[in-house]
Amino acid sequence: MNAFVERHQASISSTLSCFDRVVVTGTLPDICHPRAMASFLDYHKVRLFEFPRWAEPLRTELRENAERIAAEAGLQIEFIRKLKAFRKEARIKEILAERGDHPGLVHIFSAMEACPSYRGWHDKSTHRTFLKSTSGKCLHYYFYFIDEQFGLCYVRVPTWAPFRLQVYFNGHSWLARQLLQAAIPFEMLDNAFAFIADPGKAQELADALSARMLHERLAGWAQRFCPVLRHFRSGYHWSFMQVEYATDVVFRRQAVFQPLYEAIVRTAVHIIKAEHVATFLGRKLTGAYQGELGNDFSTRIQGTRIRHHMGPASIKLYDKFALIARVECTANDVSFFKHHRYVEQRNGKRVFKLAPLRKSIYSLKDLRQVMRAANDRYLAFMACLDNPDAGHKAIAKMAAPAKTKGGRSFRGFNLFLNPDYQLFLTLGRGQWAISGFRAADLRAHLQGLSPGRSSYILKRLRTHGLIKKVAHTYKYYLTKLGRRVLVTALVIREYFVQPTLVRNAL
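Since this is a predicted model, take the numbers as computed values, not measurements. (Residues numbered from 1 in each chain as written. Predicted model: local features only at pLDDT ≥ 70, side-chain atom pairs only at ≥ 80, totals over all residues. Heavy atoms only, no water.)

K.L.:
Explain the overall build of the protein chain here, please?
P.N.:
Helices and strands together make up the secondary structure of the protein chain, namely 16 helices and 19 strands. For the protein chain, the C-alpha atoms occupy an extent of roughly 85 × 60 × 50 Å along the three principal directions. For the protein chain, restricting intrachain contacts to residue pairs at least 6 apart in sequence, the fraction spanning at least 24 positions comes to 64%. Summing over all exposed atoms, the protein chain offers an accessible surface of approximately 25,900 Å²; the carbon and sulfur share of this is 51%. (Helix = DSSP H or I, 4+ residues; strand = E, 2+ residues; numbered from the N terminus. Contact = heavy atoms within 4.5 Å. Areas by Shrake-Rupley, 256 points an atom, 1.4 Å probe, with all protein chains shown as cover.)

Given below as structure tokens:
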């Protein structure tokens, strides 16, 4: 059980981890890049410069299909002239308020948007003729519908080759339908579950969403809304574009949750550093990293939110309805995450190694694991912030002398002395939480530390119960006590002491 949930178990009614917003893209390998498109045209005896003429009948087929679907449902396709100023979600919400949430087509939007394409090109210097990637604009259709299994979804269909689809669904909507089928009572507020009669069974159902099940649904939607795929033997290959994975901690009473949430959020803004953000997201921060990384705090109509971002991934904490603490891991590029898997090398050998997560929807299980682990690491860190009394007791314990079983005494740690404080700042580096640290790592970050001195410090930390050694290795990790001491020290020093010194100096 997560340390945060364990500490507040009496005040918590349920916890649930589930995919939230998921956007999937579909590509046709037969025509997904210029060389593939050129080979496809050559196979069908079409000259490269005749690409537009070849694509026009397919565009017409997609337009006629959209008009036919709209007529069968008794709908009018709504054209959006200014896409940036138009909120499709708000319009769909208005329609659903009148229509209801029964399965079927809800609405169709159309809009002129940018799309990738190709054009023929002849290089006079090399006398080669080939296709080049280019960009242009074409009509796109947004088919909004309620699926009997996945709830409200949309499929975005461009009317020009290479016909890259975009599909959206919400994991909470999918889970709600699974709970109905399993006859498990629940209460849903927006896209969160305020009450679930059997949280354990609900988590099992949430984890049961499989790539094969998703693939079958995506294939069916593609056949209906993009019938030109019958011209391509490969069919659509599906990959993740945007993913949000949420862990909801539901409290029984707002009076208990709100003071706790406010204390955590306001404190986290000051003490969470770049190394911590990398650790939450399962990465090791090195000097070679050049991407964006940081925190931001915002106050919204719904409440406050803190967000920690690193490149295309982020993790955020916010409250829903002043009753639910939601930790959400998001990614605009799932290959940001790394995990151990078999990798096919160029020489044909399969090697088990740490590698980026594949974008394919068949990485769904691995993606669920790495994103849930990120949420769990974040909640574990929050557990060190929400009980300052326990942290103060831990600091008092480690400040006192401690003895080994053999009777050798080691003095305590004083975090207001710079050497001890710098030691704990080093121990708090994010990468150590994942990979552990060695004596050599301490010497690399603490100037003037000899091998003998570093061994003494490690023994002193172990005697006080602040670190533990991995058996048969030279690696060490912080214990629960060590993490609590570290976080409390950062809170006191950076949240209270340093601001006071600055005010006094002014």
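K.L.:
Sorry if this is basic, but what is going on with the packing of aromatic side chains here?
P.N.:
Aromatic ring pairs are reported here in terms of the distance separating the ring centres and the angle at which the planes meet. Here the structure, examined in full by the defined rule, presents 31 aromatic pairs. Pairing Trp54 with Phe232 gives two aromatic rings, centres 6.4 Å apart and planes at 75 degrees, and the pair type is edge-to-face. Here Trp54 is found in helix α3 (residues 51-73), whereas its partner Phe232 is found in the loop between α7 (211-225) and β9 (237-251), with 178 residues between them in sequence. Phe232 matches Trp54 in its accessibility class, with the two residues each being buried. Both rings, one in Phe257 and one in Tyr261, keep their centres 5.5 Å apart while their planes meet at 40 degrees; by these two values the pair is tilted. One end of the pair, Phe257, and the other, Tyr261, are both in helix α8 (residues 254-271), four residues apart, so they sit about a helical turn from each other. Judged on exposure class, the residue Phe257 and its partner Tyr261 are both buried. Grouping aromatic residues by their ring pairs yields a cluster made of Tyr141, Phe143, Phe145, Phe150, Phe169, Trp174, Trp221 and Phe225. In this structure, Arg283 packs its charged tip against the face of Phe336, placed 4.6 Å from the ring centre. One residue, Arg460, lies across the ring of Phe413, its end atom 3.8 Å from the ring centre. (Phe/Tyr/Trp six-rings, centres within 6.5 Å; stacked < 30°, edge-to-face > 60°. Buried < 20%, exposed > 50% of the residue type's maximum accessible area, 1.4 Å probe, protein only. Lys NZ or Arg CZ within 6 Å of the ring centre and 35° of its normal.)

K.L.:
Mind showing me how you'd approach helix α5 (residues 171-181) here?
P.N.:
Along an α-helix, a turn takes 3.6 residues, which lines up residues three or four apart on a common side. Taking burial as the measure, the 11 residues of α5 include nine buried ones, the bulk of the element. Of all the residues in α5, the buried ones are Gly171, His172, Ser173, Trp174, Leu175, Ala176, Arg177, Gln178 and Leu179. Where α5 begins, one side-chain oxygen reaches toward the backbone nitrogen of His172, 2.8 Å away; that side chain belongs to Asn170. Once α5 finishes, Ala183 follows within two positions and takes phi at roughly 60 degrees, a positive value. (Polar contact = N/O pair within 3.5 Å; in protein donor to acceptor, adjacent residues only side chain to side chain.)

K.L.:
I would appreciate a short explanation of the pairing of strand β15 (residues 350-356) in the present structure.
P.N.:
As a general feature of sheets, a regular strand has side chains that alternate between the two faces. With seven bridges joining them, strand β14 (residues 338-344) and β15 adopt antiparallel strand pairing. By the bridge assignment for β15, His340 is matched with Leu354. If you look at the hairpin formed by β14 and β15, you'll find five residues sitting between the two strands, and Gly348 has a positive phi there, around 90 degrees. (Pairing = 2+ DSSP bridges.)

K.L.:
Looking at this structure, how should I read a positive patch on the surface?
P.N.:
Residues Arg408, Lys459, Arg462 and Lys469 make up a contiguous surface patch of positive charge. Structurally, Lys469 can be placed in strand β18 (residues 467-469). (Patch = residues over 30% accessible without salt bridge, like charges linked within 9 Å, V, L, I, M, F, W, Y side chains within 5 Å. Salt bridge = Lys/Arg side-chain N within 4 Å of Asp/Glu carboxyl O. Lys, Arg positive; Asp, Glu negative; His and termini not counted. Charge placed at Lys NZ, Arg CZ, Asp CG, Glu CD.)

K.L.:
Explanation requested: the pattern of salt bridges in the structure shown.
P.N.:
Proximity of charged atoms lets side chains of opposite charge pair with each other. A complete count under the given rule lists 20 salt bridges for this structure. For Arg91, the salt bridge identified is with Glu94, shortest N-O distance 3.7 Å. Of this pair, Arg91 and Glu94 both sit in helix α4 (residues 88-99), three residues apart, which is roughly one turn of the helix. Owing to a relative accessible area of 28%, Arg91 belongs among the partly exposed residues under this scheme. Of the charged contacts, one joins Asp147 and Arg217 as a salt bridge, the two residues approaching to 3.2 Å between their closest N and O atoms. Residue Asp147 is found in strand β4 (residues 128-147), and its partner Arg217 is found in helix α7; the two are separated by 70 residues along the sequence. Residue class for Arg217 comes out partly exposed when judged on its relative accessible area of 24%. One salt-bridge network, in which partners are shared between bridges, spans Asp20, Asp248, Lys316, Arg326 and Glu328.

K.L.:
What's the story with the sheet that holds strand β1 (residues 12-27) in this structure? I'm lost.
P.N.:
Either a parallel or an antiparallel arrangement is found when strands of a sheet pair, and the pairing is made through backbone hydrogen bonds. Taken in spatial order, the 11 strands make up an open sheet running β2-β3-β4-β5-β6-β1-β9-β13-β12-β11-β10, and their pairing is mixed. Unpaired on one side and paired on the other, β2 (78-79) and β10 (293-299) mark the two borders of the sheet. Sheet topology note: the strand β5 (residues 151-158)/strand β6 (residues 165-170) ladder contains three bridges and is antiparallel. Looking at β6, one finds that Tyr154 is bridged to Tyr168. Here α7 sits on the sheet in contact with β1, β3 (104-123), β4, β5, β6 and β9, set at roughly 100 degrees to β4. Across the sheet, helix α10 (residues 364-383) is in contact with β1, β9, β11 (304-310), β12 (313-320) and β13 (324-331); its angle to β9 comes to roughly 35 degrees. (Axes fitted to C-alpha atoms, helices over the stretch in contact; angles between N-to-C directions.)

K.L.:
What is the right way to read unusual backbone geometry from this model?
P.N.:
Glycine aside, residues mostly have negative phi angles, and peptide bonds mostly take the trans form. Following Ala161, the chain continues into Pro162 via a peptide bond in cis, with omega recorded as 20 degrees. In this structure, Pro162 sits in the loop between β5 and β6. With phi around 60 degrees, Ala183 is a residue other than glycine that occupies positive phi space. Turning to its location among the elements, Ala183 is positioned in the loop between α5 and β7 (186-189). For Ala183, a relative accessible area of 64% translates into the label exposed. Of note, Phe321 is a non-glycine position whose phi angle comes to about 60 degrees, a positive value. As for its placement among the helices and strands, Phe321 is situated in the loop between β12 and β13.

K.L.:
How should the pairing of β11 be read in this particular structure?
P.N.:
Taken across its seven residues, β11 has six buried, putting it largely inside the fold. Pairing of β10 with β11, which is carried by seven bridges, proceeds in the antiparallel orientation. The residue bridging Asp296 from the neighbouring strand is Arg307, located in β11. Bridge analysis of β11 against β12 gives six bridges, and the strand direction is antiparallel. Paired with Arg305 across the two strands is Tyr318, which belongs to β12. Two successive antiparallel strands, β11 and β12, enclose a turn made up of two residues, where Gly311 displays a positive phi of approximately 60 degrees.

K.L.:
Explain the environment of Val250 here, please?
P.N.:
Its place among the elements puts Val250 in strand β9. Discounting chain neighbours no more than four positions away, the residues touching Val250 are Ser11, Ile12, Ser13, Ser14, Phe193, Ala194, Leu323 and Ile324.

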